[in-house]
Amino acid sequence: MSRPKVLVAMKLVPEIAIDLLRKRFDVEVCDSIQVTRAEIMKKVPGKFAIFCSPWNKIDEELIKTAGPSLKVVGTFSVGYDHVDLNALKKYGIRLGNTPDVLTEAVAETTVGLLIATTRRFFEANHAVKTGGWKDVTPVWMCGRGIKNSVVGIVGCGNIGTSTAKKLKTFEISQLLYTSRTEKPAVKALGGKLVAIDELVEQSDFIILSIALNKDTKFIINKERIAKMKSHAVLVNIGRGELIDQDALIEALQEKRIGGAGLDVMTPEPLPLDSPLMKMDNVVLLPHIGSASIETRTEMAILTAKNIIAVLDNTAMPKEVQF
């Protein structure tokens, strides 16, 4: 009797997770570093499950190509904006994701990205390597410190809350945040729940850690950028489309805000000719918020367990309800 089949739509997934799947499934792993849609479409027919990442678009066309055997999508991520939920619902397919396990890794990245941006670490490093470190003045490479600043966190879920706890140790003067409801853990830190417009007007540092959906797309738009302080630093570790990137580029070019630290952008990978690549007041990372060995291993195991749960007709460890 043939076993159900799983397509792993990426290469170099931690072997411990692949081994878990192989105990129950026939597993096919895509063999390209940058897996193309064409490759996935070719391999997906007849699969019971797809083990995917945010770089794999899971839409109705792909689901129909997979056929009626497809019962579950396990995404190697917290976010699932790359998945067509309406199509999953239409065909009765379940979705698992990986919240919680990457909270601390992403919060660490957030703080590091904020410090690197405001203290101009990448710009200073470039100067060291290219002969710019000479004839310095007392204000050379000076950035703004975090102590006594106002920090605003847009979206205070697990990652936002962990980031708030870490930044509170920097002796900030005020912590603002947005959320659908008041967060007791953030309130205990002295955090104040405010509207998004108040947050962008008052904050020295603005951190985006909110999920991307139809309501949050371009939550940072031209109008809100115009309300920011002239020295404000914007950090995004959520999704690129939380920001109107063209409006951000314009504001950065005209020095209307202090800078930006981006772990996510639009599109990904960012084209080498993007204006963001040429700016001294921008720090760019290649979407590595959760990129610690321990975290990625836990994410892979959880994705595998989500898929196995559907085979066993039991509750997923982490299922997206829609």
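Located above this text is the structure these notes cover.
Per-chain numbering applies: the sequence of each chain, read as written, is numbered from 1 onward. This being a predicted model, a pLDDT of at least 70 is required before a residue's local features are given, and a value of 80 or more before pairs of side-chain atoms are given or counted; all residues contribute to the totals for chains, interfaces and linings. Heavy atoms throughout the structure, all of them, feed into the side-chain values; hydrogens and water do not.

(A) Inspection of the packing of helix 5 (residues 103-118) against helix 7 (residues 158-168) at higher detail. For helices, the axis comes from a line fit to the C-alpha atoms of the stretch in contact; other axes are also lines fit to C-alpha atoms, and the angle between any two N-to-C directions lies between 0 and 180 degrees. Here a helix means four or more residues in a row that DSSP labels H or I, a strand means two or more in a row labelled E, and each is numbered from the N terminus. Orientation of helix 5 relative to helix 7, taken along the N-to-C sense of each, is 50 degrees, at an axis distance of 8 Å. If you check the angle between helix 5 and helix 7, you find them oblique. Here the hand of the crossing between helix 5 and helix 7 comes out right-handed. Where helix 5 approaches helix 7, its residues Thr103, Glu104, Val106, Ala107, Glu108, Thr110, Val111 and Leu114 are matched on the opposing element by Asn158, Ile159, Ser162, Thr163, Lys166 and Leu167. Throughout, the ten residues Ala, Val, Leu, Ile, Met, Phe, Trp, Tyr, Cys and Pro are labelled nonpolar, Asp, Glu, Lys and Arg are labelled charged, and all others, Gly among them, are labelled polar. Here the residues of the contact of helix 5 with helix 7 sort into six nonpolar, five polar and three charged. An angle below 35 degrees is read as roughly parallel, one above 145 as roughly antiparallel, one from 65 to 115 as roughly perpendicular, and any other as oblique. Handedness of a crossing follows from how the near helix is turned relative to the far one, being left-handed for an anticlockwise turn of less than a right angle and right-handed for a clockwise one. Whether two residues touch is decided by their heavy atoms; if any such pair falls within 4.5 Å, the residues are in contact.

(B) Broad picture of the packing of aromatic side chains. Pairing of aromatic side chains requires ring centres within 6.5 Å, counting the rings of Phe and Tyr and the six-membered ring of Trp. Pairs whose planes differ by under 30 degrees are stacked, by over 60 edge-to-face, and all others tilted. Under the counting rule described, the total for this entry stands at two aromatic pairs. Taking 5.7 Å as the distance between ring centres and 35 degrees as the angle between the ring planes, the aromatic pair formed by Phe25 and Phe48 counts as tilted. Within this pair, whereas Phe25 is found in the loop between helix 1 (15-22) and strand 2 (26-29), its partner Phe48 is found in the loop between helix 2 (37-43) and strand 3 (49-52), the two being separated by 23 residues in sequence. Classification of Phe25 as buried rests on a relative accessible area of 1%. Relative accessible area decides the class of each residue, using a 1.4 Å probe on protein chains only: under 20% of the type maximum gives buried, over 50% gives exposed, and in between gives partly exposed. For Phe48, a relative accessible area of 12% puts it in the buried group. In this scheme, Lys NZ or Arg CZ marks a charge over a ring once it lies within 6 Å of the ring centre and within 35 degrees of the ring normal. Here the basic side chain of Lys217 rests over the ring of Phe218, its NZ or CZ set 5.5 Å away from the ring centre.

(C) Expanded view of the packing of helix 1 against helix 12 (residues 293-311). Where helix 1 meets helix 12, the closest approach of the two axes is 8 Å, and the angle between their N-to-C directions is 15 degrees. The angle between helix 1 and helix 12 falls in the class roughly parallel. Helix-helix and strand crossings are classified by hand; for helix 1 and helix 12 the assignment is right-handed. On the side of helix 1, the interface is formed by Ile16, Ala17, Leu20 and Leu21, while helix 12 contributes Thr297, Ala300, Ile301, Ala304, Ile307 and Ile308. Split by residue class, the contact of helix 1 with helix 12 holds nine nonpolar, one polar and no charged.

(D) Structural view of the side chain of Thr118. On the secondary structure map, Thr118 appears in helix 5. Owing to a relative accessible area of 6%, Thr118 belongs among the buried residues under this scheme. Ignoring anything within four residues of it in the chain, the contact list for Thr118 reads Gly143, Arg144, Ile146, Phe205 and Val233.

(E) A look at the pairing of strand 11 (residues 259-262). Here strand 11 shows a buried face lined by Gly259 and Gly261 and a second buried face lined by Ala260 and Leu262. Pairing between strands is defined by DSSP: at least two bridges between the two strands are required. Bridge count between strand 10 (residues 233-236) and strand 11: four bridges; the pairing is parallel. Paired with Asn236 across the two strands is Leu262, which belongs to strand 11. Once the chain exits strand 10 it traverses helix 11 (residues 245-253) before rejoining the sheet at strand 11, and the crossover so formed is right-handed. Looking at chain direction, strand 11 and strand 12 (residues 282-284) are connected through three bridges and run parallel. From the neighbouring strand, Leu262 faces strand 12, where its bridge partner is Leu284. Seen with the strands pointing away from the viewer, any crossover whose path from the first strand over the helix to the second strand runs clockwise is right-handed.

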